[in-house]
Amino acid sequence: MLRMRNGCTGASKGRWAWRGIAALVLVLSAMVFAIGQGGSALAQQGTKEVPAAASPTGGMVPGNTLGTTSDSDFWRAVRQGADGKVSIPDKKAATLVQSEGELWRAVRNGPLALYASWALLAMIVILALFFAIRGRIRIEHGRSERTITRFLAVERFGHWLLATSFIILALTGLNVMYGRYVLLPVIGADAFGAVTALGKYLHNYLAFAFMAGLALIFLMWVRHNLPDRTDIKWILQAGGLFSKRLHPPAKKFNAGQKLIFWATVLVGLSISLSGWSLLFPYTTHFFGGTFEVINSLFGASLPVPLTVVQEQQLASLWHSIMSVVLICVIIGHIYIGSLGMEGAFDAMGSGEVDLNWAREHHSLWVEEVLARQKGAGTGATQAAE
């Protein structure tokens, strides 16, 4: 009895075990079927929303995005400065990529810095060679006991206002371009930072002194620097700079001084305009307006209009180029007005120059001054009588 009962119990347990396994399989099958149906529905729904072109094949990804493909027109527009939309006040931030910035950096740190250094070095070498060959230009007849008034106090003030401000502007500007290579290794990072910060403030504020001095000398001397026929002979004889005992006639300003005057005025004006754009960024459109005029006059195809960022980049490059040009001109002017010619510095020092020096370099002007003095003396004598 006991054995038969145990056998029945074992068979009963086996049947229940198989029934449980079968039920579990049925439940799992039902779950898998339900999941499959849901996935199929989702897949069908996704197929309706995502177009066939956005399939993962060919570099595309779901959602109609570009994936690994490149839309050349799209990226070309981005690199050309296409604007998006921003909610902040600075609308310039809407430009995602501004490729001209890379070009600006490459030009400024590359050919501009290189050729500018060559120009400055070439000017110094030329003057050194000229001094070695020609020597100092002496007063041929020696100094006399008489002087003649060359420049009044107001003229000297305008000259030195322009000269001192430009020298400081030139030094601080050259520091911005070359200071990290020349000055930084010598004085160290801390001192260089302090010097550069001071130079920045001097450069910004003395720019107005430079513009004032430029306007002042233009108003005082423009009538004396208009070309005339005496300039032709002076140029043909190179002002007697390469020949002793040769002194071509000249008025108050000879042809060489006139060239320096107009170079200073015109290049200085260009520097002032581009500097104004840098002092007050995003407020001017000098280059866009200039390019428009050039296009209309000469049929050129310069880019018009320009963005405010492009205006700043062009202003920065042009400011540097014109500044180097004027620095080279002023280096030559400083040389001939000091070391290069005896008696020349007195004109802007005391304002009184030696009469023999004046007759050798500005004979027509001396005749005019002496004639006026004689006429004034004669008039005074007749009035006294």
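That block above? That's the structure.
As the structure is a computational prediction, the values presented were derived from the model and not from experiment.

**Thoughts on the nonpolar core**
Ile148, Phe166, Phe210, Trp221, Leu326, Trp357 and Ala358 are the most contacted members of the largest nonpolar core, which totals 42 residues. Counting only elements with at least two residues in this core, the list comes to α3 (100–134), α4 (153–182), α6 (189–221), α8 (255–279), α10 (308–336), α11 (346–349), α12 (355–361) and α13 (363–384). Of all the elements, α10 adds the most residues to this core, at seven residues. Residues contacting phenylalanine 210, with those up to four places away along its chain left out, are Leu162, Ser165, Phe166, Leu169, Gly268, Ser272 and Leu326.

**Quick notes on the environment of valine 222**
Tracing the chain through its elements places valine 222 in the loop between α6 and α7 (230–236). Residue valine 222 is classed as partly exposed on the basis of its relative accessible area, which comes to 21%. Along the chain, valine 222 and tryptophan 262 lie 40 residues apart, while their C-alpha atoms are 8.9 Å from each other. Those residues in contact with valine 222 that lie beyond four places of it in its chain are Ile217, Phe261 and Trp262.

**Digging into helix α9 (residues 286–298)**
Look at α9: 18 Å from first C-alpha to last across 13 residues, which is about the 18 Å you get at 1.5 Å a residue. The set of residues buried in α9 consists of Phe287, Gly288, Phe291 and Asn295. Here the buried residues of α9 occupy an arc of 100° about the axis, which is enough to place them on one side. Relative to its buried face, α9 has exposed residues pointing more than 90 degrees away, namely Ser296 and Leu297. Buried-residue contacts for α9 involve α10.

Procedures and definitions
- Residues numbered from 1 in each chain as written.
- Predicted model: local features only at pLDDT ≥ 70, side-chain atom pairs only at ≥ 80, totals over all residues.
- Heavy atoms only, no water.
- Core = buried A, V, L, I, M, F, W, Y, C linked by side-chain atoms within 4.5 Å.
- Buried < 20%, exposed > 50% of the residue type's maximum accessible area, 1.4 Å probe, protein only.
- Helix = DSSP H or I, 4+ residues; strand = E, 2+ residues; numbered from the N terminus.
- Contact = heavy atoms within 4.5 Å.
- Expected span 1.5 Å × (residues − 1).
- Arc of directions from axis to C-beta.

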